[in-house]
Amino acid sequence: MYKWSSFGNLKQVKPWLTVDDKKAVDMWEQSIELVNGHYQMDIPFKSKNPNLPDNRVIAEKRLRSLTRRFLRDPEFHAKYKGGFQELLDKGYAERVPEQELAATPGQTWYLPHHNVVNENKPEKLRIVFDCAATFDGTSLNKEVLQGPDFTNNLVGVLLRFREAPVAVMGHVEGMFHQVRVSPKDRDVLRFLWWKDGEIGSEVEVYRMCVHLFGGVWSPRCARFALRHVAVDHKMNFPEETIRTVLKNFYADDCLKAVGTTEGAINIVRSLCQLLALGGFRLTKWVSNDRKVLEAVPVEERAKGVKDLDLDCSSLPAERALGIHWDTEVDQFSVQIKRKHREFTRRGLLSVVSSVYDPLRLVCPFVLGAKIIFQDECKSGKDCDDPLSPENQVRWSKWLDELPLLGRFKVRRCLMPADFGMPVKYELHHFCDASLSAYGSVSYLRAVNAEGKIRCALLLGNF
């Protein structure tokens, strides 16, 4: 078993790890094992023997509430029923056998459940278990350690994604559900559902067999398992593949920039082979290079490129960690969904927050709205009071210009493909300040073997 110090040097990277974080890691390292091609791990309880109250009444109440909604909306019921059937068919959940219904007192918990819809994928329904639901002063989440955060820095992942001309992006399918829960912990993941999903039929007891959406520990547990694949097999795969798992993933997305087409094809194959050893399927591949896409099996490509004629069709635009990436021209841009909001401080903040720009590429424009917000905060008015007449004029002008952000584009790759290998890099930082705000911007300056110079906007800040 690999010890904490070998786990990607996390002790050096995150020296502020708490005692509880280390305790959770110790539990995972002691319990992790490969069972039927998937890692299996304990739930990191704060206490070795948790004493949970019998909260079945809460799950029954929430199921009755769902019943009323299903009766009003049969289409929603059909989707919800299909989601549960998928959990059962894939082995993510199971019906509790009759002989096991009388579980150990204090170590059984019933989870209410509800749906969550991603506004970018409205057709897809995700069932989430409410691990934060309280009963008798406690909840499952309160009894569990979160564990350390293994998430890579978002800006760091995006900057590394700009390092080389050939870019690939993949997604781990159902990442949480690929990590099994140790059998001894599964009775705290019970839930109620009707037999065959039919309203009015017998209510049966089920339980999750995998780490689930809603558990405060689940994201970190899944990332621990993903990193563990790399650690377990680091002697059998290229160093670049191992480093990619440790440095180029953000949650369940992999973003990688490679110098050549052949190198990109090799890294895709190598990553898929490596993660499959831990039960993870890396799929939905996207690239700005047609030859790379041709080398990826059609069923493993992203939806937008599956049916493309790669010889003549334009490559689609994709979302790279929320940033709009036009793979055909290999450029980033900021896409804006115009929202109608009241001319109040609350409405202003809602619109400004919708401008997703983690690299701060358009922060000079956003700063104008922030200054208006700052002025309103100084006035001492309520969040829902109208803006001052002067700020209403400024805010209206800002909103009129907002759609123009869609024209802003920046190269994904910091260096042009024909620039060659740089022999020298320099980072240049500029900053300025006033009584209203401060700002900074960073550029990368590169010089190649022929003495040619290229400067690229790296990121901004305010």
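Residues numbered from 1 in each chain as written. Predicted model: local features only at pLDDT ≥ 70, side-chain atom pairs only at ≥ 80, totals over all residues. Heavy atoms only, no water.

### Some words on the pairing of strand β14 (residues 323-326)
Cut-off, in case you're wondering: A simple rule labels every residue: compare its accessible area, found with a 1.4 Å probe on the protein chains alone, to the largest value its type can have, and call it buried under 20%, exposed over 50%, or partly exposed in between. We count a stretch as a helix when DSSP gives it H or I for four or more residues in a row; a strand needs E for two or more, and each element gets its number in order from the N terminus. Two strands pair if DSSP finds at least two bridges between them.
Burial along β14 is one-sided: the residues I323 and W325 are buried and none of H324 and D326 is. Pairing of strand β13 (residues 317-320) with β14 involves four bridges; the strand directions are antiparallel. Counterpart to A317 in the pairing with β14 is D326. What sits between the antiparallel neighbours β13 and β14 is a turn of two residues, in which L321 has the positive phi angle 55 degrees.

### Concerning the sheet that holds strand β8 (residues 190-194)
The condition is simple: Each axis is a line fitted through C-alpha atoms, and for a helix only the stretch in contact is used; angles between axes span 0 to 180 degrees, taken between their N-to-C directions. Contacts are assigned to residue pairs that have any heavy atoms within 4.5 Å of one another.
The strand order β3-β9-β8 describes an open sheet built from three strands, whose pairing is antiparallel. A strand with exactly one partner marks an edge of an open sheet, and here the two such strands are β3 (93-95) and β8. Within the sheet, the average angular offset between the axes of one strand and its neighbour, ignoring direction, is 40 degrees. Where β8 lies against strand β9 (residues 203-208), five bridges are found, and the strand directions are antiparallel. Across the sheet, the residue bridging to W194 is V203, located in β9. Lying over the sheet, helix α3 (residues 56-72) contacts β8 and β9, oriented at roughly 35 degrees with respect to β8. Across the sheet, helix α4 (residues 74-89) touches β3, β8 and β9, and the angle it forms with β8 is around 125 degrees.

### Some thoughts on the packing of helix α6 (residues 218-232) against helix α7 (residues 239-247)
Quick reminder of the rule: Should an angle fall under 35 degrees it is called roughly parallel, over 145 degrees roughly antiparallel, and 65 to 115 degrees roughly perpendicular, with every other angle called oblique. By convention, the crossing between two helices is left-handed when the near helix turns anticlockwise from the far helix through less than a right angle, and right-handed when the turn is clockwise.
Look at α6 against α7: their axes get within 9 Å of each other, and the N-to-C directions meet at 165 degrees. Our classification of the angle between α6 and α7 gives roughly antiparallel. The element α6 and its partner α7 pack so that their crossing is left-handed. Where α6 abuts α7, its residues L226, R227 and A230 lie against I242, V245 and L246.

### Re α6
Heads up, the condition is: Expected span of a helix: the number of residues minus one, times 1.5 Å.
An ideal rise of 1.5 Å per residue puts 21 Å on 15 residues; α6 measures up with 21 Å between its terminal C-alpha atoms. Counting buried positions along α6 gives twelve out of 15 residues, so the element sits mostly inside the fold. When we look at burial in α6, the residues that qualify are S218, C221, A222, R223, F224, A225, L226, R227, H228, V229, A230 and V231.

### A look at the state of the cysteines
What counts here: Criterion for a disulfide: a pair of cysteine sulfur atoms at a distance within 2.5 Å.
Considering all chains together, one arrives at zero disulfides under this definition. Looking at the unpaired C431, the closest cysteine sulfur is the one in C363, lying at 13 Å. Taking the relative accessible area as the measure of exposure, C431 reaches 68% and is therefore exposed.

### Side note on empty space enclosed by the protein
The probe, sized like a water molecule, is rolled over the atoms to show the empty space still left. Inclusion rule: Only protein atoms enter the 1 Å grid used here. Points where a 1.4 Å probe fits but cannot escape make up a cavity, open sets with protein on both sides within 12 Å along at least five of seven lines make up a pocket, and a residue lines them when an atom lies within 4 Å of a point. Grid points are joined across faces, edges and corners, and a volume is the space filled by probe spheres set on the points.
The tally for this structure, following the rule as stated, stands at one cavity of 30 Å³ or more. A volume near 70 Å³ is recorded for the largest cavity. F150, T151, N152, R223, L226, R227, V245, F249 and A251 together form the lining of the largest cavity. Looking at the lining of the largest cavity element by element, the count peaks at three residues for α6.

### Brief notes about the packing of helix α11 (residues 345-353) against helix α13 (residues 389-401)
Going by this rule: Gly counts as polar in this scheme, as do all residues outside two lists: the nonpolar Ala, Val, Leu, Ile, Met, Phe, Trp, Tyr, Cys and Pro, and the charged Asp, Glu, Lys and Arg.
Between α11 and α13, whose axes approach to 12 Å, the crossing angle comes to 25 degrees. Considering their axes alone, α11 and α13 lie roughly parallel with respect to each other. Both α11 and α13 take part in a crossing whose hand is left-handed. Contacts between α11 and α13 pair L348, V351 and V352 from the former with W395, W398 and L399 from the latter. Taken together, the residues of the contact of α11 with α13 break down into six nonpolar, no polar and no charged.

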